[in-house]
Amino acid sequence: MLRVNRQQAKSYQLNIDGGTDEVTTKRRKNNAEEQAQTLIFQERDTQALKYPALLWLFSTLNGVFLPPGLVKRVKGAGLTEGVPDMLLPVERIDQDGTRYAGLAIELKKKKNAYPTPKQREWLQHLAANGWRAYVCHGATDAWHTICSYLGISGATDHWNRPLQRQAEQIDEE
């Protein structure tokens, strides 16, 4: 008789002869993009009392891993391929008088990641329609972009050291 604990039982299945076979499951890699996005939203929540415009920053969840079955469901509910990962629908006027409807950020992991053709198409469309649209590499780059857009400056807010350290840890994994 085979005795296993609950965790071990998850990794075995019965075979046709009544015995058991070990099941190897595909392990998902750490999603650096998702982790970076989580850092940004944690920082948003920390800074929102001081800078209320940050409350309007939201995510499309396009950068988050979803199982294939769930992808089909959320696409049916409107999740659209290529839409930037983060949007900040807050109007700003640049120093030269240019008016922007909001900020769109396509977040990529730090190294060797480029936007897909659909992502580029979305960014170009938004830019042509009065948005600031950027591809940012990592949490620190994205946070600096958000702060610059909103006019946030200073060593503790814009050049946030704890966020930079956490982002560097993600990049090392």
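Data block above holds the structure.
Per chain, residue numbering runs from 1 following the sequence as it is written. The predicted origin of the model limits local features to residues at a pLDDT of at least 70 and limits the giving and counting of side-chain atom pairs to 80 or more, whereas totals for whole chains, interfaces and linings rest on all residues. Side-chain descriptors were evaluated using all non-hydrogen atoms of the structure, hydrogens and water having been removed beforehand.

A. Looking closely at the nonpolar core. Counting 28 residues, the largest nonpolar core has Ile-40, Met-86, Leu-88, Ile-146 and Leu-150 as the members making the most contacts within it. Broken down by secondary-structure element, the contributors of at least two residues to this core are helix 2 (32-47), strand 4 (86-88), strand 7 (102-108), helix 5 (138-150) and helix 6 (161-172). Residues count as neighbours in contact if any of their non-hydrogen atoms are within 4.5 Å of one another. With residues up to four places along the chain from it excluded, the contact list for Leu-88 reads Ala-53, Trp-56, Leu-57, Gly-102, Leu-103, Trp-131, Ile-146, Tyr-149 and Leu-150. What we call a nonpolar core is a set of buried Ala, Val, Leu, Ile, Met, Phe, Trp, Tyr and Cys residues that are connected through their side-chain atoms within 4.5 Å. Each residue is placed in one exposure class: buried if its accessible area under a 1.4 Å probe, protein chains only, is under 20% of its type's maximum, exposed if it is over 50%, and partly exposed if it falls in between. For helices the rule is a DSSP run of H or I covering at least 4 residues; for strands it is a run of E covering at least 2, with both sets numbered from the N terminus onward.

B. Main features of the environment of Gly-63. Position of Gly-63 relative to the elements: it lies in the loop between strand 3 (58-59) and helix 3 (68-76). Sequence separation of Gly-63 and Ala-36 is 27 residues, and the distance between their C-alpha atoms is 9.9 Å. Beyond its immediate sequence surroundings of up to four residues, Gly-63 is in contact with Asn-31, Glu-33, Glu-34 and Asp-85.

C. Inspection of the sheet that holds strand 3 at higher detail. The criterion for strand pairing is that DSSP finds at least two bridges linking the strands in question. Strand order in this open sheet of 4 strands is 3-4-7-8, and the pairing throughout is mixed. For this open sheet the edge positions go to strand 3 and strand 8 (131-137), each flanked by a neighbour on one side alone. Examined bridge by bridge, strand 3 and strand 4 share 2 bridges and lie antiparallel to one another. Following the sheet pairing, Phe-58 is matched in strand 4 by Leu-87. Strands strand 4, strand 7 and strand 8 of the sheet are contacted by helix 4 (residues 117-128), whose axis makes an angle of about 145 degrees with strand 8. In this description, a line fitted to the C-alpha atoms serves as the axis of each element, helices being fitted only across the stretch in contact, and the angle between N-to-C directions of two axes falls anywhere from 0 to 180 degrees. Relative to the sheet, helix 5 contacts strand 4, strand 7 and strand 8, its axis offset from that of strand 7 by approximately 170 degrees.

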